[in-house]
Amino acid sequence: MTRLPRETEKLQREMDTMRISAGAEKIPVKCNSLSSLVTRRWRTKTFPARIRTWRLLSVKSISTNPKTLVTDSEQVASSIKHHSEFTPLFSPEKFELPKAFFATAQSVRDALIVNWNATYEYYNRVNPKQAYYLSMEFLQGRALSNAVGNLGLTGAYGDALKSLGFELESVAGQEPDPALGNGGLGRLASCFLDSLATLNYPAWGYGLRYKYGLFKQIITKDGQEEAAEDWLELSNPWEIVRNDVSYPVKFYGKVVFGSDGKKRWIGGEDVVAVAYDVPIPGYKTKTTINLRLWSTKAPSGDFDLSSYNSGKHTEAAEALFNAEKICYVLYPGDESDEGKALRLKQQYTLCSASLQDIVARFETRSGGSVNWEEFPEKVAVQMNDTHPTLCIPELMRILMDLKGLSWEDAWRITQRTVAYTNHTVLPEALEKWSLELMEKLLPRHVEIIEKIDEELVSTIVSEYGTENPDLLKEKLKAMRILENVELPSAFADVIVKPESKPAIAEKTVDQTKDSKEDAQTVVKKEVEEEETAGVIAEVIPEPPKMVRMANLAVVGGHAVNGVAEIHSEIVKTDVFNDFVKLWPDKFQNKTNGVTPRRWIRFCNPYLSDIITNWIGTEDWVLNTEKLAELRKFADDEDLQSEWRAAKKKNKLKVVSLIKERTGYTVNPDAMFDIQIKLYRYKKMKEMSASERKKAFVPRVCIFGGKAFATYVQAKRIVKFITDVGSTINHDPEIGDLLKVIFVPDYNVSVAELLIPASELSQHISTAGMEASGTSNMKFSMNGCILIGTLDGANVEIREEVGEENFFLFGAKADEIVDLRKERAEGKFVPDPSFEEVKQFVRSGVFGSNKYDELIGSLEGNEGFGRADYFLVGKDFPSYVECQEKVDKAYRDQKRWTRMSILNTAGSSKFSSDRTIHEYAKDIWNIKQSTLQRLDASGQPDPDDIAPMVCEVFAWPHLELDNTHNSCRMLVIIAGVTLLSSLHFTSQRRRQCLGNNITY
């Protein structure tokens, strides 16, 4: 082995300049290193020394546009200038920040496209099983900083922009947040994509390209107002429209039998879904996966030129507008029938276009012979909540109506392919659709759903028998997909119906009925009595017939998972308990996680540098378990001092943000607390200045969030917060002791500033109500201490960081049912302090609004929108007591900093990398498929290639010292062998490609 370096030098000299024959032309190729030569791809070339034709992989051209990362700041600057001139979106006279952003983004996209195309090509060639994540939301956040960070080019782009007169942070700040999501559902989906790419799992995301997003929030004296998002106003530099990838999506119409006896869905309204692709780069890996977003349009032929020329302009473009509006707004208001229909159209568009694309890819990769039984072995479809549940009947329709499979085969394939993630335990939040609406909009799918429901009824009857009709009726009512719908004809006699009586709701009780009279006589008599005695009676309407999407998702998928341990238990014991008894192996837990790249490494560079310095490695970004090493330094005064300094720098950024967005000036030395305390303000007003200073720690309470446009109560809360802030922030007696800030138009970019600066974060949902939460994970990861209930992921965070480093209050999940019963029976006695707060709010101290509807929801013992459903009054005394503990802990900064460090040290479990590994193993059954990692020079990392080469050549594990050079030597020799060996057959090359090798 000692002779290897000398041999290597000789081989390097021999191959430093080679002549590759392309027909009669000799092309000299100069290589900086042999490994770069080995990893490049040429079109078919002839090597003179061996009259053989080789087709190696990767790059089409070698000199003018090498497919390696540009890491030199001068080259980066040149690339940016090139795009500002030749990919222009602005006039040439000026080179200002907006133009600098687009030119920089286009430069970065060049690097992404290289890896993106390689990933595309690799998956198509190797044909691994691939996961497809379908979600109505992807709350990505800005892409520029994340992309250059994942590529390892932050320094190069920072230096390049500085040479052009800009700061990277200022340029990145020009990017609007993509308006593709609203809350935790979309943020989770985006974290998952980051982890899938980073961990080299073959996967894609599918969503919709919303032109106007949810809405842009504007805060006025009257509360929240909504305006359309303008994120696409100047175009999106990251997306690439795939004009060659589009699919028809049908609505309405009718179902007929074709000449072959198979059903066909014809007529109706047709739109076209067009693919817009966004690259998702992994961290320190070549793998760049795809987020495919669908935009809808109508064919140009649907524009009625005749009507237009006759002056009927709106009518002429009606078909175009009806198609395009599907992807205008995320979650359009659904109070009207039109709004409901539009939402259902959105969900079906996502499902239909995505599944057509997935099926087409499966057929292409299968080559000439398609075996549909292999579909679940190559495809895993994950439904993020119930919005994509129409995947189930749509896949059935495609397999049966378009591909000719039988019902039995299609159903077996569908169940093996699809899985469902549940995100709620609230029964009213489990999505339902009007059967009447669905019959009109998707007639073929209703037929399929009815058949699935009939088979489910058969399963339930077989499981529970007919001996106990009441039990069977109860199970059918709870489990059927179709709600308030007659049993299928085959089971019409399973349950004996009681003698039917007319449904009459009486508003007086001075009526008597002769039970022997028939229904007609009773009704006639009641009408007469109404006319003579003034009695008002009304016929109770039939309950609406509904399609329960959650039940369909459970029945049609092979796995159902919750998103936190406590949530998954509630799913099994309460929400879907009847299904668990039928299929216990179908249910599992996958606790959520967040990507440590965006949510600490890039958004909190001050803290990240401290972690790296004290741990001694940056490996924690990929292996968050290493964060636990901080525990041994938690009491070190030097670390604590650096830790507090980093927090202060982040707080100063938020001070500037608050001033810019709200006009308020806040004290950076106050505790930054993400919640509000009205009781705190009331008590402050009752004290003297000296008493206040002694009793309370200064706090800045920061809020952010959007109230959905039609959610009246949520909008009242936003108005209430802003009114409270306006009063407190202008109170000279209180000064800097308490500030209440509502940051308008909260989004990912705002969160990336607030979370690193936060010192206390409140996660106070009623126990058992929150599925998981992910913001609590982000706060904890950034050294923020939580105050909260035993709900969602709070339970697991408290376990990981230590009970002493979490402020706990409130009732437990298993107490909630009894507490609500106690309230309904009128036995609950609220704490006097809670009553004081309600009176204080109603006193008018925060303005003329008495907030009767808001406070009224906390009063009474029963009724919709009343009776304190979330038990605020019950938890309030415990909450106030816990806040006193917070103040005491914050005064001891050494103790507080130690708690902060231990929160970060205990957050490793909550990386989305861990979650994705679990999904891949337990639900999707997909394997990591590794393209080469890139080293600092943009070359493939030999440490990854060496073991692969050993596998390809069936070499034993050589006893090399584990150094970079030794691995590179091995790669060099392997590369020479690949290029020159007469024994390396075509068959063996194909085996290489099947063993995750990319040259």
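Residues numbered from 1 in each chain as written. Predicted model: local features only at pLDDT ≥ 70, side-chain atom pairs only at ≥ 80, totals over all residues. Heavy atoms only, no water.

### Looking at the overall build of the protein chain
Selection criterion: Each helix is a run of H or I in the DSSP string that is no shorter than four residues. Each strand is a run of E no shorter than two, and both are numbered from the N terminus. Only protein chains enter the accessibility calculation, which uses a 1.4 Å probe; a residue whose area is less than 20% of its type maximum is buried, one above 50% is exposed, and one in between is partly exposed. Contact definition: two residues touch when any of their heavy atoms are within 4.5 Å. All accessibility values rest on the Shrake-Rupley procedure with a 1.4 Å probe; residue burial counts only the protein chains present in the view.
Within the protein chain one finds 40 helices and 28 strands. Here the protein chain holds 999 residues, and the buried ones make up 54% of them. Long-range contacts, defined as pairs at least 24 residues apart, comprise 74% of the intrachain contacts of the protein chain with a sequence gap of at least 6. Accessible surface, the protein chain as shown: approximately 44600 Å² in total, 50% of it carbon and sulfur.

### Re the pattern of salt bridges
One side chain can pair with another of opposite charge once the charged atoms of both are near each other. As a reminder of what qualifies: Think of a salt bridge as a Lys or Arg side-chain nitrogen and an Asp or Glu carboxyl oxygen that are within 4 Å of each other.
Under the counting rule described, the total for this entry stands at 53 salt bridges. Measuring nitrogen to oxygen at the nearest pair gives 2.8 Å for the salt bridge that ties Arg597 to Asp194. Here Asp194 lies in helix α8 (residues 184-198) and Arg597 lies in helix α23 (residues 596-602), a separation of 403 residues in the sequence. Residues Arg597 and Asp194 agree in their burial class; the two are buried.

### A few points about the sheet that holds strand β24 (residues 699-703)
Here is the rule: Two strands pair under a simple rule: DSSP has to find at least two bridges between them. Lines fitted to C-alpha atoms define the axes here, with helix axes fitted over just the stretch in contact, and angles between the N-to-C directions of these axes take values from 0 to 180 degrees.
Ordered by their spatial adjacency, six strands build an open sheet running β25-β24-β23-β26-β27-β28, and the pairing between neighbours is parallel. Only two strands of the sheet have a single neighbouring strand rather than two, namely β25 (738-742) and β28 (807-808). Bridging between strand β26 (residues 760-763) and strand β27 (residues 785-788) involves four bridges; their strand directions are parallel. Considered in β27, the bridge of Gln762 is made with Ile787. Those strands touched by helix α28 (residues 712-729) are β24 and β25, and its axis lies near 145 degrees from that of β25.

### Let's talk about the packing of helix α25 (residues 637-662) against helix α36 (residues 893-905)
Stated formally: Any angle from 65 to 115 degrees is called roughly perpendicular, while one under 35 is roughly parallel, one over 145 is roughly antiparallel, and all others are oblique. Three classes are used, and their members are as follows: Ala, Val, Leu, Ile, Met, Phe, Trp, Tyr, Cys and Pro are nonpolar, Asp, Glu, Lys and Arg are charged, and the others, Gly among them, are polar.
Relative orientation of the contacting elements α25 and α36 amounts to 85 degrees, with a least axis distance of 10 Å. Between α25 and α36, the crossing angle belongs to the class labelled roughly perpendicular. On α36, the residues touching Glu637, Leu639, Gln640, Trp643 and Arg644 of α25 are Gln893, Lys894, Thr897, Arg898, Ser900, Ile901 and Thr904. The class makeup of the residues in the contact of α25 with α36 is three nonpolar, five polar and four charged.

### Here we look at the nonpolar core
Filter applied, for reference: For our purposes a nonpolar core is just a set of buried Ala, Val, Leu, Ile, Met, Phe, Trp, Tyr and Cys residues, chained together by side-chain atoms within 4.5 Å.
Core analysis: the biggest nonpolar cluster contains 155 residues, and Trp294, Met438 and Trp924 have the highest contact counts within it. Of all the elements, helix α4 (residues 97-126) adds the most residues to this core, at 12 residues. When sequence neighbours within four positions are dropped, the list of residues in contact with Met438 reads Leu344, Leu390, Trp433, Pro443, Val446, Ile449, Val547 and Met549. Within the second largest apolar cluster, 50 residues are counted, among which are Ile610, Ile615, Leu639 and Phe672.

### A short note on a nonpolar patch on the surface
So the rule is basically this: Patch membership requires over 30% relative accessible area and the absence of a salt bridge. Like charges are linked within 9 Å, and nonpolar side chains (Val, Leu, Ile, Met, Phe, Trp, Tyr) within 5 Å.
On the surface, a cluster of nonpolar side chains totalling about 260 Å² of accessible area is made up of Tyr869, Phe870 and Val872. Its place among the elements puts Tyr869 in the loop between α34 (852-856) and α35 (872-891).

### Some thoughts on the pairing of β25
Side chains on a regular strand alternate between the two faces of the sheet. Cut-off, in case you're wondering: By convention, orient the strands away from the viewer: a clockwise path from the first strand over the helix to the second makes the crossover right-handed.
Where burial is concerned, most of β25 is hidden: five out of the five residues are buried. Here β25 shows a buried face lined by Leu738, Val740 and Phe742 and a second buried face lined by Lys739 and Ile741. As defined by bridge partners, β24 adjoins β25 across five bridges and the pair is classed as parallel. The residue bridging Phe703 from the neighbouring strand is Phe742, located in β25. With α28 bridging β24 and the parallel β25, this β-α-β connection has right-handed handedness.

### Notes on the packing of aromatic side chains
Worth spelling out the cut-off: Centre distance within 6.5 Å is the pairing criterion for rings of Phe, Tyr and Trp, where only the six-membered ring of Trp is used; planes under 30 degrees apart are then read as stacked, over 60 as edge-to-face, and the remainder as tilted.
In this structure the tally under the stated criterion is 37 aromatic pairs. Their ring planes at 85 degrees and their centres at 5.8 Å tell us that Phe840 and Phe846 sit as a pair that is edge-to-face. Of the two residues, Phe840 and Phe846, both sit in the buried class. With 5.2 Å between their ring centres and 90 degrees between their planes, Tyr869 and Phe870 make a pair best called edge-to-face.

Scope: geometric values only; no functional claims are made or implied.
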